[in-house]
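Given next are the chains, with one letter for each unit.
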Amino acid sequence: MLSFFVVAQTLSPFVTALVEILFNTNHYMLALSDLSRTGDEIVKLSSVPSSGDNVSSHSTTHHADTWSAVRDLLLSIRPQLQFLSLARSHLQRIPRLDPNSRIILFAGCPNAGKSTLINILSRANVEMQPFAKEDRYLFVGETDYKYLSWKVVDGAGTLDKPLETNDSNVDLKLAMSFAHLQCVVVFVIDVSESCGMTVEEQADILLSLRPVVESKPLIVAFSKSDLRSIDDLSPAKRELLISAAQSFPASKTCSYSALDGDVMALKSLACDALLERRISIKTSISGAEN
């Protein structure tokens, strides 16, 4: 029976972090343990031979008693079976994403323009992967760059406030799960503020993500430049954004509009940043071995 369920220890850290959003893995393992123990007891019951001088006269009673015992055992773990059924349905909807593959991760506040980028960059319609509560989703798409396949991931606008002040446990766990991805992060800032958040609020969210993205290549992308460019901002706001971006050691900035070819330039900038990082890591490892 256990072959139908995923063993939690075999999951990658990224998937494990997503699973923790959906259900408690300790409860999951306890439920699997109860299921395994019940299965062993059912096997023992089925192997017990019928007793009595006249086997044929007792066989019907023996089988009835056995099935009654099996029924009682299954009823005793009914809550665990219901929990495992729900857990399996959640696990089947988690994106199949190798944390070590080539990944472009888009982050930012809701309605900043991330989903529009996903649809432009993906060679097919975005695959929507619902996996969490409260209408939280991951959007996973695919694109090509330099004859290589890339995954494009959008956290679907769960960052509506800095992590340290975010009272949503789901949002916090989702954001922290991204730390397990070996990816380039594109943080999208809507300089037009048409997303409903000010430039200052978006900059605070970027800075709060430092534990997640500081060790990764970072592209700070100023979206909706057709509505307002960063040069149209006041000197104070412009300086705030530039200083926030430059506070990360491996960051670059760019502006784009979905109405022109800037998106492809953004894609090239992000992909090259990740490829350069991986080459640098391999070179340093090779140098250390020599």
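Scroll up to find the structure this text is about.
Residues numbered from 1 in each chain as written. Predicted model: local features only at pLDDT ≥ 70, side-chain atom pairs only at ≥ 80, totals over all residues. Heavy atoms only, no water.

A. Just the overall build of the protein, in detail. Across its full length, the protein holds 10 helices and seven strands. When each of the 290 residues of the protein is scored for burial, the buried share is 41%. Considering only contacts within the protein whose residues lie at least 6 apart along the sequence, 73% involve residues at least 24 apart. (Helix = DSSP H or I, 4+ residues; strand = E, 2+ residues; numbered from the N terminus. Buried < 20%, exposed > 50% of the residue type's maximum accessible area, 1.4 Å probe, protein only. Contact = heavy atoms within 4.5 Å.)

B. Just the layout of surface pockets, in detail. Estimates place the volume of the second largest pocket at around 200 Å³. Lining the second largest pocket are Asn100, Gln182, Cys183, Ser215, Lys216, Pro217, Leu274, Arg277, Arg278, Ile281 and Lys282. A breakdown of the residues in the lining of the second largest pocket according to their chemical character gives four nonpolar, three polar and four charged. (1 Å grid on protein atoms, 1.4 Å probe; cavity = no way out; pocket = protein on both sides within 12 Å on 5 of 7 lines; lining within 4 Å. Points joined across faces, edges and corners; volume = space filled by probe spheres on them. Nonpolar A, V, L, I, M, F, W, Y, C, P; charged D, E, K, R; others polar.)

C. Representation of the environment of Leu206 in the model. The residue Leu206 is located in helix α7 (residues 199-208) in this model. When the C-alpha positions of Leu206 and Leu241 are compared, they lie 9.6 Å apart, and in sequence the two are 35 residues distant. Residue contacts for Leu206: discarding those within four places in its chain leaves Phe187, Ile189, Leu218, Val220, Ala244, Ala245 and Phe248.

D. Spotlight on the pattern of salt bridges. The tally for this structure, following the rule as stated, stands at eight salt bridges. Taking the shortest distance from any N to any O, the salt bridge between Lys224 and Asp190 comes out at 3.1 Å. You can see Lys224 sitting in the loop between β6 (218-223) and α9 (235-246) and its partner Asp190 sitting in strand β5 (residues 184-190), a full 34 residues away along the chain. (Salt bridge = Lys/Arg side-chain N within 4 Å of Asp/Glu carboxyl O.)

E. Highlighting helix α5 (residues 114-121). Buried within α5 we find Lys114, Leu117, Ile118 and Leu121. Down the axis of α5, the sector holding all buried residues measures 100°, keeping them to one side. (Arc of directions from axis to C-beta.)

F. Quick look at the pairing of strand β7 (residues 251-255). Here five bridges tie β6 to β7, and the two strands are oriented parallel to one another. Pairing of Val220 across the sheet is with Thr253, part of β7. For the segment spanning β6, α9 and β7, crossover handedness is right-handed. (Pairing = 2+ DSSP bridges. Right-handed = clockwise from strand over helix to strand, strands pointing away.)

G. Local environment of the packing of aromatic side chains. Taken as a whole and assessed by the stated rule, the structure comprises three aromatic pairs. Taking 5.5 Å as the distance between ring centres and 35° as the angle between the ring planes, the aromatic pair formed by Phe23 and Tyr28 counts as tilted. Ring plane angle 85° and centroid distance 5.9 Å describe the contact between Phe23 and Phe83, whose orientation is recorded as edge-to-face. In this pair, Phe23 sits in the loop between α1 (13-22) and α2 (25-47) while Phe83 sits in helix α4 (residues 78-93), placing the two residues 60 residues apart along the sequence. (Phe/Tyr/Trp six-rings, centres within 6.5 Å; stacked < 30°, edge-to-face > 60°.)

H. Region of the structure containing the packing of α2 against α4. Relative to each other, α2 and α4 sit at 125°, their axes nearing to 10 Å. Considered as vectors, α2 and α4 are oriented oblique to each other. Crossing of α2 against α4: the hand is left-handed. Note on element contacts: α4 touches α2 through Gln80, Leu81, Phe83, Leu84, Ala87 and Leu91, opposite His27, Tyr28, Ala31, Leu32, Asp34 and Leu35. (Axes fitted to C-alpha atoms, helices over the stretch in contact; angles between N-to-C directions. Parallel < 35°, antiparallel > 145°, perpendicular 65-115°, else oblique. Left-handed = near helix turned anticlockwise from the far one by under 90°.)

I. α1, seen in detail. Burial within α1 is extensive, with seven of its 10 residues counted as buried. For α1, the complete set of buried residues consists of Phe14, Val15, Ala17, Leu18, Val19, Ile21 and Leu22.

J. Broad picture of the side chain of Lys216. Looking at the secondary structure, you find Lys216 in the loop between α8 (210-213) and β6. The charged side chain of Lys216 is buried without a salt bridge, its nearest counter-charge being Glu214 at 11 Å. At 3.2 Å, the side chain of Lys216 forms a polar contact with the backbone oxygen of Ala179. Here the side chain of Lys216 touches Leu181 through a polar contact of 2.5 Å, landing on its backbone oxygen. (Lys, Arg positive; Asp, Glu negative; His and termini not counted. Polar contact = N/O pair within 3.5 Å; in protein donor to acceptor, adjacent residues only side chain to side chain.)

K. Just unusual backbone geometry, in detail. The phi dihedral of Tyr147 is positive, around 65°, even though this residue is not glycine. Relative to the helices and strands, Tyr147 resides in the loop between β3 (137-145) and β4 (148-154). Located in the positive-phi region is Lys224, a residue other than glycine, with phi close to 55°.

On their own, these measurements won't tell you what the molecule is for.
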